[in-house]
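If you want the building blocks of each chain, they are given just below.
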Amino acid sequence: MATNSRSPVERFAAQLSRHWTWLVGLGIAELLGGALAIAMPLIGTLISTFAYGWLLVIAGVLYRLMHFACVGGAECCGMHCLHCCT
């Protein structure tokens, strides 16, 4: 019997210890990005606005895909069913 008797906290700690280099690397990248955004606020504003705009575009496309899946007779799941399955 191969059951995992470790608690979720222990499993999470084990995953963190395996991937600590990624966490350190991402932390350094965020520090450098923040320092550059403070040093060059116009460029930081443009980059963050551009990234947020693309996130909104992707969210809109996914919302439309969920809408068409719902209209096709599938079960609704989520907020989109308030208007597309009535």
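Computed from a predicted model, the values in this text were never measured in an experiment.

Caption draft 1: Layout of the overall build of the protein. The number of helices and strands found in the protein is 4 helices and 0 strands. Helices and strands in the protein line up, N terminus first, as α-α-α-α. Every one of the 86 residues in the protein was classed for burial, and the buried ones make up 6%.

Caption draft 2: How the structure looks around a nonpolar patch on the surface. A contiguous nonpolar patch, built from Phe50, Trp54, Val57, Ile58, Val61, Leu62 and Leu65 and spanning about 720 Å² of accessible area, is present on the exposed surface. Counting through the fold element by element, Leu65 comes out in helix α3 (residues 41–71).

Caption draft 3: How the structure looks around the confidence of the model for the protein. With 76% of its residues at a pLDDT of 70 or more, the protein shows a mean pLDDT of 82. Averaged over each element, pLDDT in the protein is lowest for helix α4 (residues 81–84) (54) and highest for helix α2 (residues 20–39) (93).

Caption draft 4: Spotlight on the packing of aromatic side chains. Taken as a whole, this structure holds 1 aromatic pair when the rule is applied. Plain terms: the ring middles of Phe50 and Trp54 are 6.3 Å apart, the flat faces sit at 75° to each other, and that makes the pair edge-to-face. One end of the pair, Phe50, and the other, Trp54, are both in helix α3, 4 residues apart, so they sit about a helical turn from each other. The exposure class assigned to Phe50 is exposed, which follows from its relative accessible area of 58%. Judged by relative accessible area, which is 47%, Trp54 ranks as partly exposed.

The rules behind the values
Residues numbered from 1 in each chain as written. Predicted model: local features only at pLDDT ≥ 70, side-chain atom pairs only at ≥ 80, totals over all residues. Heavy atoms only, no water. Helix = DSSP H or I, 4+ residues; strand = E, 2+ residues; numbered from the N terminus. Buried < 20%, exposed > 50% of the residue type's maximum accessible area, 1.4 Å probe, protein only. Patch = residues over 30% accessible without salt bridge, like charges linked within 9 Å, V, L, I, M, F, W, Y side chains within 5 Å. Areas by Shrake-Rupley, 256 points an atom, 1.4 Å probe, with all protein chains shown as cover. Salt bridge = Lys/Arg side-chain N within 4 Å of Asp/Glu carboxyl O. pLDDT = per-residue confidence, 0-100. Phe/Tyr/Trp six-rings, centres within 6.5 Å; stacked < 30°, edge-to-face > 60°.

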